[in-house]
Amino acid sequence: MSKRLIFPLLLFSLLWGFSCESPISTDIKSGDLSRTEFSVYFPRNEIFDPAWSPDGERITFVSKTMATDIYKMSAAGDTLELVKRFFKSLITSDGSISPDGQYLIYIDSDWDVNTGKNSYLYSVTQDTGMIITDILPLSARRFRWSRDGSVIYYKISGYTIVAMTPGGAPVFSVTLDSIMNFQDYDVSPDKQSIVWYGRPQNHRYDQIWHYTPENGQQKLLAADSIYYKLPAWSPDGSCIAYYTENRKTDQLSLNIYSLKNNSSRTLVDSTGYISRIVWSDDGQTVYFTGYYFGNDISGGGIWAVSLPDNIISLNCPCSLSNIFQLDADGSFYLQEDYPVYQLSSFSVTDKKITFLSPKTREEMSCPDWSPDGASLVFTQDRKLCRIHAGDGETESLNIDNPYNQFRPDFSPDGSLLVFDDGDEIYTVSAKGGQAKKINTGNYDLYNPVWSPDGKQIACAYNRYDTDSLMVFNYTNEKLSRAKAWPGIYLDISWSKLHPVLGSFILLVQPRERYDMYGLKLKALNPENGQLLELIGNGGSLLKDLRGEIKACWSPDAEAIAWIHVDYPTYSLNIARIFVDLQ
């Protein structure tokens, strides 16, 4: 067996957890009142826009997960392959891909409540990942591979650089105690010496330091007016390429330092910001990611500098923030981060999560159940779509106008949908087709909801003055104003008719005019004006709550579900709020 494979196989044999997508985790506990329960979602997922199913069994919501694609790119910027799609965000500066492209070590940017930020090893050939935090120190960061792939380096707390073979055997461990503000490092081709840069205590400028087993740690490059950054070894170990920012002259340049004669020369001046430097395997080319402003060539991307003739060329224009790794042949790995949306359901009975729709990069929001429970309508990519509860197939309602179609709500008989475009209110057949604008004279209206008898529609008015909650009579396919209440309303939901208490409108409001994260949750009876404060200073559920709130009614009009966002924690909460009123 190849020695290079021993360490990865050892890690896989000690499997603790997978880097692939994991289900949403729940933790059920009692709340302030015995009738309240919290289902707390810790990792990776944002959840919002709850909708309770007509049978009372499920609460549907939209889950949003960050995804990261790692692509292998040619030196010219052509896509060679998708290495892996991760449903998480990665810390770009800490990751490293082996020279043969078969293994990826990375840090998950999400915070694990038990272990902190986890390190992972992913095998491209086996399409398998695992947590390695329990094998390597928790503080391990800035993973690097040697040029030949025979050694793995990483930094641990205290500015200690550790080297080990892929078989797990230690090579060296060196504590770099001369620099207080450590930035980054590179290890020589002989796998013994280290160059690194950082800022000493009480010093304004970055310096480059050099460690060898024979001489220990020595300052290599330093000046009062110059930042020295990004040292990178030549493949023969005789030179170091580095980047400088001269604060006296405002000159930025790429340079080479010769360890043989202890002298520097400028390789490229007129550079802008540089983020990475890599030598080719033959030592004849230096690649860097950054900006160059000379010879009528300018812009950001990956540049190649020929050492024999000092000719600079732009290999590939690209966004510097998306580059995961630059390799010795000028090829590189590109990182693309984006959100992924999915409809999910929480079972009220067994507290389990199911996924109702495929993942999509198109933004999703505001699901609403049909009264018969057969389907849900929601907004996807600004258009109304339907998904059947049984088969999970998504279809468009094919509504041409308006362009924006937000916040749908089924009429009580299931025949119509009311929705807004962010400004005006529309109705449309539940089957789709031609939408009809129903408001006259009012604009900045949003979040329409039907009354339980289908004769009225309540909506929010996006003006921070009076009459910001409006109830309209709906007759002859038109709205006529019936009642209004002052205030700012961020989210509204109208309950079905309770046999004893009537119906209530659930309201989310800011505690103060411009405080959108100190929120109140209230229930208003629009017939008699009865107002219950559920969350807030006089709240029966919670007195104080920071963060965002989205809420909805249960089908029996006795309970509510609300999603509380106190980043990074998202919780789905259920409370039977009318128990004490009967």
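Rules behind the numbers
Residues numbered from 1 in each chain as written. Predicted model: local features only at pLDDT ≥ 70, side-chain atom pairs only at ≥ 80, totals over all residues. Heavy atoms only, no water. Helix = DSSP H or I, 4+ residues; strand = E, 2+ residues; numbered from the N terminus. Buried < 20%, exposed > 50% of the residue type's maximum accessible area, 1.4 Å probe, protein only. Contact = heavy atoms within 4.5 Å. Areas by Shrake-Rupley, 256 points an atom, 1.4 Å probe, with all protein chains shown as cover. Salt bridge = Lys/Arg side-chain N within 4 Å of Asp/Glu carboxyl O. 1 Å grid on protein atoms, 1.4 Å probe; cavity = no way out; pocket = protein on both sides within 12 Å on 5 of 7 lines; lining within 4 Å. Points joined across faces, edges and corners; volume = space filled by probe spheres on them. Core = buried A, V, L, I, M, F, W, Y, C linked by side-chain atoms within 4.5 Å. pLDDT = per-residue confidence, 0-100. Pairing = 2+ DSSP bridges. Axes fitted to C-alpha atoms, helices over the stretch in contact; angles between N-to-C directions.

Participant: Mind showing me how you'd approach the overall build of the protein chain here?
Facilitator: A count of helices and strands for the protein chain gives one helix and 47 strands. Of all 582 residues assigned to the protein chain, the portion counted as buried reaches 55%. Of the contacts formed within the protein chain by residues at least 6 apart in sequence, a portion of 41% connects residues at least 24 apart. Entry remark: accessible area of the protein chain is about 25400 Å², with carbon and sulfur atoms responsible for 47%.

Participant: In this structure, what is going on with unusual backbone geometry? I would like to understand it.
Facilitator: Excluding glycine, a negative phi dihedral is what most residues carry, and trans is how most peptide bonds are arranged. The linkage connecting N401 with the following residue, P402, adopts the cis geometry, with an omega of 0°. With respect to the helices and strands, P402 occurs in the loop between β32 (394-396) and β33 (406-410). Backbone geometry places N398, a non-glycine residue, at a positive phi of 55°. Summarising the element assignment, N398 is placed in the loop between β32 and β33. The class of N398 is exposed, set by a relative accessible area of 57%. Despite not being glycine, R407 has its phi angle at roughly 50°, a positive value. For R407, the location among the structural elements is in strand β33. Exposure remark for R407: the relative accessible area of 25% places this residue in the partly exposed category.

Participant: In this structure, what is going on with the pattern of salt bridges? I would like to understand it.
Facilitator: Oppositely charged side chains can pair when the atoms bearing their charge come close. This model, assessed by the stated rule, comprises 18 salt bridges. K72 serves as the salt-bridge partner of D327, at 3.2 Å between the closest nitrogen and oxygen. Placement of D327 in the loop between β26 (323-326) and β27 (332-347) and of K72 in strand β4 (residues 58-73) is noted, with a sequence separation of 255 residues between them. We note that D327, like K72, is buried. The residue E424 makes a salt bridge to K437 at a minimum N-O spacing of 3.5 Å. In this pair, E424 sits in the loop between β34 (416-420) and β35 (425-429) while K437 sits in strand β36 (residues 436-437), placing the two residues 13 residues apart along the sequence.

Participant: Looking at this model, I keep getting lost on the layout of surface pockets. Mind explaining?
Facilitator: Computed from the structure, the second largest pocket encloses a volume of approximately 1300 Å³. When contributions to the lining of the second largest pocket are tallied by element, the ones reaching two or more residues are β6 (96-97), β10 (141-145), β14 (181-187), β18 (226-233), β19 (239-246), β22 (271-279) and β26. Of all the elements, β22 adds the most residues to the lining of the second largest pocket, at seven residues.

Participant: Help me understand the nonpolar core in this model?
Facilitator: Most often, soluble globular proteins keep nonpolar side chains buried together rather than apart. Membership of the largest hydrophobic core comes to 30 residues, with the highest contact counts inside it found for L254, L267, I277, W279 and F288. Once you skip the residues sitting within four places of it in the chain, F288 turns out to touch L254, I274, R276, I277, G301, I302, W303, V305, I312 and L326. Counting residues in hydrophobic clusters, the runner-up holds 21 residues, among them L519, L534, A575 and I577.

Participant: So what exactly am I meant to see when it comes to the confidence of the model for the protein chain here?
Facilitator: Detailed reading of the predicted coordinates is not advisable wherever pLDDT is low. Here the protein chain shows a mean pLDDT of 86. Residues at 70 or above account for 88%. Mean pLDDT in the protein chain bottoms out at strand β1 (residues 28-30), which sits at 30, and peaks at β33, which reaches 98. Counting interchain partners and residues more than four positions distant, the pLDDT-below-50 stretch residues 1-34 has 90 contacts.

Participant: Any chance you could explain the sheet that holds strand β31 (residues 383-388) here in plain terms?
Facilitator: Neighbouring strands of a sheet are bound in pairs by backbone hydrogen bonds; such pairs are parallel or else antiparallel. Here four strands make up an open sheet; going across it, the order is β29-β30-β31-β32 and the pairing antiparallel. The two strands at the open ends of the sheet, each matched to only one other strand, are β29 (364-369) and β32. Within the sheet, the average angular offset between the axes of one strand and its neighbour, ignoring direction, is 30°. Note that strand β30 (residues 375-380) and β31 share six bridges and pair antiparallel. If you follow Q380 over to β31, its bridge partner there is K383.

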